[in-house]
Amino acid sequence: MRIALFVTCVNDLVFPATGQAVVRVLERLGHTVEFPVEQSCCGQMHANSGYRAEALPLVRNFVDTFGRYDAVVAPSGSCVAMVRESYPRLAGPDPELAAAVAELAPRVHELSELLVDVLGVTDVGAAFPHRVTYHPTCHGLRMLRLGDRPLRLLRAVRGLDLVELPGAEECCGFGGTFAVKNADVSAAMLADKCAAVCDTGAAYVAAADNSCLAHIGGGLSRRGRSTPGAPRAVHYAEILASTEEEA
Amino acid sequence: MTTGTGNIVAPLPFPTAARRELADGQLRANLRRATHTIRDKRLRVVGEVPDWPALRRSGAAIKDDVLARLPELLEQFEAAATAAGATVHWARDATEACTLVTELVQRTGSTEVVKVKSMATQEIGLNEALAEVGIEAVETDLAELIVQLADDTPSHILVPAIHYNRRQIRDIFASRMPGVDLDKLTDDPPALAEAARRHLRAKFLSAKVAISGANFAVAETGTLVVVESEGNGRMCLTLPETLISVVGVEKLLPTFRDLEVFLQLLPRSSTGERMNPYTSLWTGVTPGDGPQTLHIVLVDNGRTETLADPVGRQALRCIRCSACLNVCPVYERVGGHAYGSVYPGPIGAILSPQMTGPDAGANRTLPYASTLCGACFDACPVRIDIPEVLVHLRQRGVDARRGRPSAERTAMRALAWTMRDRRRYAAALRAARRGAAPLRLVTGARGQVRRLPWPLSAWTASRDAPLPAGRTFRDWWAGRDRTGGEGTGGDRG
Ligand code: SF4
C-alpha cells in the first residue's frame, strides 16, 4: 500500500521526532512510506480563526499533494479532523474542489486509525518500560471519535504501565489562538490538566497531537522548574517507535 | 429587521471580564463542584435512554421545521391562542416588549407582580423597566430569588445562583430577606427552602398579576408550557387574576404531539432528571379556573436577524437546557458573568452576538471564548453545532473587516502565502530553525523557552515554549533519501 505521510507543519519544524517515529513504526511493519515534499500546512489555524480565504489555497495544495495516494497518515488528530470535518465545508462553494475533497478525505487517517482499522494491528512490536498516562485530545475524542484505538496500541507495548488520567476528556485549554487570545482562561485550564497529570504519578503524558502536548508539556516544564520530576509530554507515536534495544 | 437589545450586550471584552472572574477562587470552587455534579447526573440519565441519538435528531428536525415555517406557525399560534381567550401582542425588541408589559400591568392597577423564572424577561430587562414605574417584581424561583435579593445578575440559564454556595446563600437571606427567622436559618438546603417558602407564600396570596415566560408554545393549539422543579411557577400560573407570558418567537412547536420529544430531551439535559416535578400547560382562559385574563407577548429582539444566517440560525433551536454550559471547560473556569449577557456559556457566545449584531458592546469577542473542544455539541439535545457556528461568526467578523488594516490579517496572509509554496515554505522553515539556534544554547536539554516577546509572551506567561528542532523533518527525510533509507538515526525533538 502506498502510504503518504502528512507530517504537519508543526511537526516538520518543531517535533520532527514524531514524524520519524511514524516512519519507523510503519517501516518496521513492512510498509513503504512516502513523504511528498509539496506538503505544507492543513490551514487549520487560518480556518478556525475565520480566515477562510487564506485557508483555501492550503486546502488546494493538500488535495493536489495527496490526491494520488491510497492512504495518508498524519500524527495529529486535529489536522486530520481539519481535513475530514472542515475541508468539505471550506471547499463547499467550489464544486470541483469539493468533489476532490470528498474523494480524498476518507483516505486520510490519524495514525491509530491507520494502524488499527486499515492495517489491522494493535501490537506494533514496541517496548517502553515506563508509567504513562494518556490525554485524548478534543479533536481526537469528539471529532474523529478515535475511542480506545490509541489506548489499545499503548496497552500492547512491552513494559508500559498505562494509568488512567482523571477527567481525561476535559480540554487542556490549548485551542490554537485561544491560548494567546484568552491566555488567562487557557492557563487556568492548563493548571487543572497539569495537576491531574501529575497526580497519576506517570513519567510521561502521551497524546495524539503535538500542539496540545506543547501546551501541556510547557505547563509541566514550568511546574518542573519548582517541582522536579514532573511528567514529560510525548507523542504516542514516539512510544510506539521505541524498541527493546533502546529501552 | 431590528437587532436585539437589552441584557444581551457584553460591556467588557471577554478576556478582560474573564480575568476579573478568574481571580475569585471561591467562585472557581463553587462552579467546579456544581458543574461536575450536574454533568455526572446528566450523563447517567441520558445513558439510560437507548434512543437518545434518535431523540436528538427528532428535536433538531422539529425545530428546523419551525424555523423554516416561522411566520406561518406564528400566525397559527396567534389564531389558536386568541380563539382560546388570550390576547396576543408583538414586540420587535426589548424596549417595545418592556413598554407593552409595563402598560399591561399598569392597566390592572397593581404595583406588585409575582414572576415565574423566565429567560425572556431577563433578556429584555423587564424587572428594571417595571421598577422604573414603581412596580415591584418578585422572583419566585429559589435561585432567581437569591440573585434578586443579592442585587446580582444571573450567571447560569437554569441555576442563576450557581456561583453561590450554601453558606453564601444563607448570608444573603440573613441580611436581605425581610422578616426572616434568623434562629431557624442554617445553611441546610431544607432550611433555606423553608425560609424562601415563607417569604414567598404571602406574595402568592396577595398578587393579582403574574408574569411568566414559556419553554414551549404549541402553534396547533395555542398552548403555552412551563417546565419547572419547585412548584412556585405553578402557583404563579394559577393563583393571580392576570397572567402575562413573554415568549421568544422561536419557542414554537408545530403540534401538541411534538412535546413528546421535548419533554424527554429537556429535563434529562438540564437538571439531569428523568422528568421534572412540575409541567404546567395552559391554553387561553378557562372560565372559573386560573387567571381570567391572559396576555401573550411574542418577542423578536434579534431572532429574525439570527434566522437570516443559514449557518448561524441553528442557535434558534436552543431550548435553554444549559447542558452546554455545564460541560464547557471555559464556563467552568469563568462562570456566567464573564459573558456579560443573560445567555452565557457556549450558547451565549453564539446567540448574543447574533441577536445584537457584532457591533454591540464587546459582543464580537464572544465567538473567541472557546477552544472549539466540542463538548457543547456532544451535549446539546437539539444538536446545535456550536463550534461550527463559532468559527462561522469569527469568519463573518474577519470578512466584515476586510480592507481595514489588521496585524492579525497581515500575519495570517503572510503565513498562508509562505505555506502554499513548497520552496517558500522550506526556506521559512530553515529561517525559523536558524533563528532559534542561538536560543538553543541557553535553554538546556529540554529545549524549552521561558520567555518570548509579545504577542507570544501570552504563551510564556504560564508555560514554557518548545523550540524549533535542530533539523526539520524534511531535512532529515532528504538526508535519509540520499543515504538510502534507515541508518541516519532519529533526532530527538
Ligand atoms: S445550545 Fe443546546 S445544550 Fe446549550 S442550552 Fe441550548 S439546547 Fe441546551
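Residues numbered from 1 in each chain as written. Chains lettered and ligands numbered in written order. Predicted model: local features only at pLDDT ≥ 70, side-chain atom pairs only at ≥ 80, totals over all residues. Heavy atoms only, no water.

**Remarks on the overall build of chain A**
Inference 1: Within chain A, the regular secondary structure consists of 13 helices and eight strands.
Inference 2: Since a compact globule built from 247 residues should have a radius of gyration of about 18 Å, the 18 Å found for chain A is in line with a globular shape.
Inference 3: A buried classification covers 64% of the 247 residues belonging to chain A.
Inference 4: Taking the intrachain contacts of chain A between residues at least 6 apart in sequence as the baseline, contacts between residues at least 24 apart amount to 82%.
Inference 5: Of the roughly 8,100 Å² that chain A leaves accessible, carbon and sulfur atoms contribute 52%.
Inference 6: In chain A, which carries 22 positive and 28 negative side-chain charges, the distance between the mean positions of the two groups comes to 3 Å. (Helix = DSSP H or I, 4+ residues; strand = E, 2+ residues; numbered from the N terminus. Rg over C-alpha atoms; globule rule 2.2 N^0.38 Å. Buried < 20%, exposed > 50% of the residue type's maximum accessible area, 1.4 Å probe, protein only. Contact = heavy atoms within 4.5 Å. Areas by Shrake-Rupley, 256 points an atom, 1.4 Å probe, with all protein chains shown as cover. Lys, Arg positive; Asp, Glu negative; His and termini not counted. Charge placed at Lys NZ, Arg CZ, Asp CG, Glu CD.)

**A word on the UniProt feature "domain: Cysteine-rich" (unreviewed entry) in chain A**
Inference 1: The sites that carry the UniProt feature "domain: Cysteine-rich" (unreviewed entry) are, in the present numbering, residues 3–83 and 132–216 of chain A.
Inference 2: In the segment residues 132–216 of chain A, helix accounts for 48% and strand for 12%; the C-alpha atoms at its two ends are 14 Å apart. (UniProt positions renumbered as here; feature names shortened; annotations may be inferred.)

**Quick notes on the side chain of His215 of chain A**
Inference 1: Looking at the secondary structure, you find His215 of chain A in helix H12 (residues 210–224).
Inference 2: Excluding anything up to four places from it in sequence, His215 of chain A contacts Cys172, Gly173, Phe174, Ser186 and Leu190 of chain A together with Trp459 and Arg463 of chain B.

**Some words on helix H4 (residues 70–83) of chain B**
All names here are of chain B.
Inference 1: Given a rise of 1.5 Å per residue, 14 residues ought to cover 20 Å, and the 20 Å separating the end C-alpha atoms of H4 matches this to within 8%.
Inference 2: Of the residues making up H4, those classed as buried are Leu70, Leu73, Leu74, Phe77, Ala80 and Ala81. Here the buried residues of H4 occupy an arc of 130 degrees about the axis, which is enough to place them on one side. Away from its buried face, by an angle of more than 90 degrees, H4 presents the exposed residues Pro71, Glu75 and Ala83.
Inference 3: Where H4 ends, the next residue or the one after it, Gly85, has phi of about 105 degrees, a positive value. (Expected span 1.5 Å × (residues − 1). Arc of directions from axis to C-beta.)

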